[in-house]
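# Report on the structure
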Amino acid sequence: MRVVIALFAVIVIAGCGSTNSKYDKTTNWSAEQLYADAKAEMSSGGWKEARERLTAIESRYPFGVYAQQALLELAYVNWKDGENEQALAAIDRFQQLYPNHPGTDYALYLKGLINFTPASAFMTNITGQDPAERDPKGLRASYDAFNELIKRYPESKYTVDAEKRVAWLVNTIAMNEVHVARYYFERGAYVAAANRAQTVITDFEGAPATEEALYLMVESYDKLGMTELKNDSQRVFDKNFPNSDFRTKGLKADRSWWNPFN
């Protein structure tokens, strides 16, 4: 009787296990089938399903051509699904495994895009936050990726857009320095404000952010009573920005014109 009961229990447990196991319709699919289905899911915004198919290619067919492309597509899928860290990890893995792959220009472009548009960036219109007030780490990572793309692949179809984004990034990073200078100025740390503003002038020559940086230098030296330095800064400011709004509006002058998320 004990033997019969034990056998019955084993059968019940085995039956429960088989009932609860998830059926995978892709078990016998080829890499080509998995990739085609992943692309179809991507076209319809089925990021979860696309991720599963691409991951399956990586695990089942790790040495084929489809595995290489799947890793790039996986980075894109994760980015579109808001998983930026996973997307960047996929790109890093791709670059390590396939350093000379023909799709490296796209990998660099995608890496730049992911850092360029973090999830919080799309809330800028609602919150009114200046993008330059964000942590500059992501901005600099985006700049580095785009800049590498431009230098290594000048003929790439992604380079033209990358160049436009780099121009914006240079000014945004410069504006981040201006924000720090303004922070010091508003708290009476005029030496620190002048020094930080000077960094913008020397490191980001020609960037639109230099207008406010020069204004902050003029005002900081004025507060410090450093007349000669103030007059020198004023001459440069007058020559380069004769119609600046900072003359009449001060630090309340509108700077939203350069925000690409507006």
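Only a predicted model underlies this, so the values are computations on that prediction, with no experimental measurement involved.

### Focus on the overall build of the protein
- A count of helical and extended segments in the protein gives 13 helices and 0 strands.
- When the 262 residues of the protein are sorted by exposure, 41% land in the buried category.
- Of all intrachain contacts in the protein linking residues separated by at least 6 positions in sequence, the fraction that spans at least 24 positions is 60%.
- Carbon and sulfur atoms provide 55% of the accessible area of the protein, an area that totals close to 15100 Å².

### Regarding the pattern of salt bridges
- Overall, the coordinates contain 15 salt bridges when judged by the stated rule.
- Its salt-bridge partner being Glu52, residue Lys48 comes within 2.8 Å of it at the nearest N-O pair. Taken together, the residues span about one helical turn, with Lys48 and Glu52 both in helix H3 (residues 47-60) at a distance of 4 residues.
- Among the salt bridges present, the one from Arg53 reaches Glu52, with a minimum N-O distance of 3.7 Å.
- Each of Asp37, Lys48, Glu52 and Arg53 takes part in salt bridges that share partners, so that together they form one network.

### Description of the packing of helix H5 (residues 84-97) against helix H6 (residues 104-116)
- Orientation of H5 relative to H6, taken along the N-to-C sense of each, is 155 degrees, at an axis distance of 10 Å. With respect to H6, the axis of H5 lies roughly antiparallel. In this structure, H5 crosses over H6, and the sense of that crossing is left-handed. Between H5 and H6, the residues in contact are Asn84, Ala87, Leu88, Ile91, Asp92, Phe94 and Gln95 and Thr104, Ala107, Leu108, Leu110, Lys111, Ile114 and Asn115, respectively.
- For the contact of H5 with H6, the residue count by class is 8 nonpolar, 4 polar and 2 charged.

### Some points on a nonpolar patch on the surface
- On the surface, a cluster of nonpolar side chains totalling about 300 Å² of accessible area is made up of Val191, Leu224, Met226 and Leu229.
- Structurally, the position occupied by Leu229 is in helix H12 (residues 227-240).

### Structural notes on H5
- Its 14 residues place the ends of H5 20 Å apart at the C-alpha level, agreeing with the 20 Å of an ideal helix rising 1.5 Å per residue.
- In this fold, the buried residues of H5 make contact with helix H4 (65-80) and H6.

### What about the packing of aromatic side chains?
- Counted by the stated rule, this structure contains 14 aromatic pairs.
- Geometrically, the ring pair formed by Tyr106 and Tyr158 is tilted, given 5.6 Å between the ring centres and 50 degrees between the ring planes. Of the two residues, Tyr106 is situated in helix H6 and Tyr158 in the loop between helix H8 (136-152) and helix H9 (159-186); the sequence distance between them amounts to 52 residues.
- Seen from their ring centres, Tyr215 and Phe246 are 5.3 Å apart, and the 25 degrees between their planes marks the pair as stacked.

### Things to note about the nonpolar core
- Counting 63 residues, the largest nonpolar core has Leu54, Ile57, Ile114, Phe146, Val178 and Phe237 as the members making the most contacts within it.
- When neighbours within four sequence positions are excluded, Phe146 is seen to be in contact with Tyr109, Gly112, Leu113, Phe116, Ala162, Arg165, Val166 and Leu169.

### A few points about the side chain of Ser220
- In this structure, Ser220 sits in helix H11 (residues 210-224).
- With sequence-adjacent residues up to four places away left out, Ser220 is seen in contact with Phe185, Tyr190, Ala193 and Ala194.

### Notes on the packing of H6 against H9
- Contact geometry of H6 with H9 gives a least axis separation of 11 Å together with a crossing angle of 35 degrees. Considering only the axes of H6 and H9, their crossing is left-handed. Listed contacts from H9 to Tyr109, Leu113 and Phe116 of H6 are Asp161, Ala162, Arg165, Trp168 and Leu169.

### Remarks on the environment of Thr55
- Within the fold, Thr55 resides in helix H3.
- Put simply, Thr55 and Ala70 are 15 residues apart on the chain and 7.7 Å apart in space, counted from C-alpha to C-alpha.
- A distance of 2.7 Å separates a polar side-chain atom of Thr55 from the backbone oxygen of Arg51.

### Some thoughts on the environment of Asn115
- Positionally, Asn115 belongs in helix H6.
- Along the backbone, Asn115 and Arg140 are 25 residues apart, and their C-alpha atoms lie at a distance of 8.5 Å.
- Leaving out residues up to four positions away in the same chain, Asn115 has contacts with Leu88, Gly138, Ala141 and Ser142.
- Here the side chain of Asn115 touches Lys111 through a polar contact of 3.1 Å, landing on its backbone oxygen.

### Thoughts on H11
- Under the 1.5 Å per step criterion, the end-to-end length of H11 is 21 Å for 15 residues, consistent within 8% with the ideal 21 Å.
- Burial analysis of H11 places 11 of its 15 residues in the buried class, the great majority of the element.
- For H11, the complete set of buried residues consists of Thr210, Glu211, Glu212, Ala213, Leu214, Tyr215, Leu216, Met217, Val218, Ser220 and Tyr221.
- Packed against the buried residues of H11 are H9, helix H10 (190-203), H12 and helix H13 (246-249).
- Where H11 terminates, the next one or two residues include Gly225, which has phi positive at roughly 75 degrees.

Calculation criteria
- Residues numbered from 1 in each chain as written.
- Predicted model: local features only at pLDDT ≥ 70, side-chain atom pairs only at ≥ 80, totals over all residues.
- Heavy atoms only, no water.
- Helix = DSSP H or I, 4+ residues; strand = E, 2+ residues; numbered from the N terminus.
- Buried < 20%, exposed > 50% of the residue type's maximum accessible area, 1.4 Å probe, protein only.
- Contact = heavy atoms within 4.5 Å.
- Areas by Shrake-Rupley, 256 points an atom, 1.4 Å probe, with all protein chains shown as cover.
- Salt bridge = Lys/Arg side-chain N within 4 Å of Asp/Glu carboxyl O.
- Axes fitted to C-alpha atoms, helices over the stretch in contact; angles between N-to-C directions.
- Parallel < 35°, antiparallel > 145°, perpendicular 65-115°, else oblique.
- Left-handed = near helix turned anticlockwise from the far one by under 90°.
- Nonpolar A, V, L, I, M, F, W, Y, C, P; charged D, E, K, R; others polar.
- Patch = residues over 30% accessible without salt bridge, like charges linked within 9 Å, V, L, I, M, F, W, Y side chains within 5 Å.
- Expected span 1.5 Å × (residues − 1).
- Phe/Tyr/Trp six-rings, centres within 6.5 Å; stacked < 30°, edge-to-face > 60°.
- Core = buried A, V, L, I, M, F, W, Y, C linked by side-chain atoms within 4.5 Å.
- Polar contact = N/O pair within 3.5 Å; in protein donor to acceptor, adjacent residues only side chain to side chain.

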